[in-house]
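Examination of the molecular architecture
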Amino acid sequence: MAVFVLTSTMAVAQTTEEVVDMIVKEANENSHLEKLAHELLDVIGPRLVGTPQQLKAHNWAVDTFKEWGIEAEKKQFGEWRGWERGITHVDLTHPRTVTMEGMILAWSPGTKKNGVEAETVIIPEVENKEEFEAWLKNAKGKYVLVSMHQPTGRPDYNWEEFATEESFEKMKEERNAESRAWRERINNTGYNSRTIIAALEEAGAVGIIQSRWSSGFGVNKIFSSSTQKIPTVDLSLEDYGLLYRLTEYGDKPKIHVKATSKDLGKVETFNTIATIPGTEKPDEYIVLSAHFDSWDGGTGATDNGTGSITMMEAARILKKVYPNPKRTIIVGLWGSEEQGLNGSRAFVEDNPEVVDNLQALFNQDNGTGRVVRLSGQGFLHSYEFLGRWLEAVPNDISRHIETTFPGTPGGGGSDYASFVAAGAPGFSLSSLSWSYWNYTWHTNRDTYDKIVFDDVRNNAILTAVLTYMASEDPETFPRDRAVLPINRRTGEQMTWPTPRSANRNGGN
């Protein structure tokens, strides 16, 4: 009996410092991050909503949580257009032979089985819609180039390092002039950059060729296609520029495109929800939040593979060193964030008991970098609560974080906003850039090798400690809202964002 009492007393008396030390030790000496990243990104790959890879990722996450002793399930919240990417092969065949770098966009139709070879044309300079309508017959049987030709493939920082100031300014002026001229070229057709695609397809074009440069060496943004029967292909800046110049100079270039894809009809869309039940206040919740889906130009490594494995790793660590939390801990890996926060909005709509009794939500989305910003999201008492939770975070992590209290509520951008709009305390763990916007966000280069694992480990420790502190806090986070400031752009007082419904039947 004496041994039992002594053991129980020691367990109860375990200090915050001791628990934090165990979290740090587990994160550093037994990290699962590299293995999780490999399995999610290298083996499964990108997780575009409606694709088989999305389903595989949710099944993998459920199985992984269960291996750690954490109950998990994938929960359907809607349907989306099902689609599967195949190969894309683009070759210049005249006036010389070059294999080009390109891929069809998400949800694009493919070509015929053996591909299609054809000449290329450029959207013409016209005075009005009538002239363009008369020109449209020239698109029949051709690949149409629909993007502006970039005058330089060097990002601005490269110019700043090597060019003379005069040369750099001249380049920017010329680029701005070409951008204005291209916008005017599109406007004069009587269409915009989206509606013109349907007109070209109706006119008999065999494919659409674009290049959406991301202002960095070798990177393009890869989004979705709007064509119904013909492929939309994104080419690298370098290859698109070559093709554009050959076309513009009258060299009558030809390309051969072979692209395959499958339309899978309507498929289910999911969130993965994992739960560590609370012991003292099981009906109050902390949510570890990250969107699980991605675009599919790369493998979705920093958007948002890193956020997803951060939350998984934090949950694994907590299950091991803090297996009986006072409050229930939920991990939400959301689907279809990229199409409008649909997974998290559906969860908010479907789980009012969680939203109404949320102690805190911690969301990580924007890249592989260590967390450097934390806003109170407009909650009046955020300084009091987040401040004392942050006190337990090791100094080598917390010293990098700039806090803003009470801050202003986020209206969108990532999944925490779905909860904030409902009046629940959701917080964004905003990270250091690591050239996120140019080089990895929605690009063809968002791959495993861009992950900075030291920073991701930093974020897993931070998330685990904040979750532990929020769970142990004897007080419940109050919902009082701060008086919001004047919007400098409009001159009017800011208002709290309002909840928006999830799109549960998308991709039509």
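Residues numbered from 1 in each chain as written. Predicted model: local features only at pLDDT ≥ 70, side-chain atom pairs only at ≥ 80, totals over all residues. Heavy atoms only, no water.

**Points about the packing of helix α3 (residues 33-44) against helix α17 (residues 453-472)**
- One way to put it is that α3 packs onto α17 with a least axis distance of 11 Å and a crossing angle of 110°. One way to sum up the angle between α3 and α17 is to call them roughly perpendicular. Packed against α3, whose contacting residues are Leu33, Glu34 and Ala37, the element α17 presents Phe453, Val456 and Arg457 at the interface.
- Of the residues that constitute the contact of α3 with α17, the class distribution is 4 nonpolar, no polar and 2 charged. (Axes fitted to C-alpha atoms, helices over the stretch in contact; angles between N-to-C directions. Helix = DSSP H or I, 4+ residues; strand = E, 2+ residues; numbered from the N terminus. Parallel < 35°, antiparallel > 145°, perpendicular 65-115°, else oblique. Contact = heavy atoms within 4.5 Å. Nonpolar A, V, L, I, M, F, W, Y, C, P; charged D, E, K, R; others polar.)

**What to know about the confidence of the model for the protein**
- On average, the protein scores 96 in pLDDT, and the residues at 70 or more come to 97%.
- A low-confidence stretch, residues 1-12 stays under pLDDT 50, and its non-local contacts, those more than four residues away or across chains, total 0 contacts. (pLDDT = per-residue confidence, 0-100.)

**Let's talk about the packing of aromatic side chains**
- The full count for this structure, using the stated rule, is 25 aromatic pairs.
- A ring pair is formed by Trp389 and Phe477, whose centres lie 6.2 Å apart and whose planes are at 50°; its orientation type is tilted. Here Trp389, found in helix α13 (residues 382-391), pairs with Phe477, found in the loop between α17 and β16 (505-506); they are 88 residues apart in sequence, far enough to count as distant. Phe477 matches Trp389 in its accessibility class, with the two residues each being buried.
- One aromatic cluster is present, formed by Phe362, Phe379, Phe385, Trp389, Phe427, Phe477 and Trp496 through successive ring pairs.
- Its guanidinium or amino end placed over the ring of Tyr191, Lys129 lies 5.0 Å from that ring's centre, counting from NZ or CZ. (Phe/Tyr/Trp six-rings, centres within 6.5 Å; stacked < 30°, edge-to-face > 60°. Buried < 20%, exposed > 50% of the residue type's maximum accessible area, 1.4 Å probe, protein only. Lys NZ or Arg CZ within 6 Å of the ring centre and 35° of its normal.)

**A few points about the environment of Pro124**
- On the secondary structure map, Pro124 appears in the loop between β4 (116-122) and α5 (129-135).
- With a relative accessible area of 14%, Pro124 lands in the buried category.
- For the pair formed by Pro124 and Arg185, sequence separation is 61 residues and the distance between their alpha carbons is 7.4 Å.

**Focus: the sheet that holds strand β13 (residues 402-404)**
- Strand order in the open sheet formed by 3 strands is β13-β12-β15, and the pairing between neighbours is mixed. Strand pairing shows two members of the sheet lacking a second neighbour, β13 and β15 (430-431), which therefore form its edges.
- Bridge count between strand β12 (residues 371-375) and β15: 2 bridges; the pairing is antiparallel. Within β15, the position partnered with Arg373 by the bridge is Ser430. (Pairing = 2+ DSSP bridges.)

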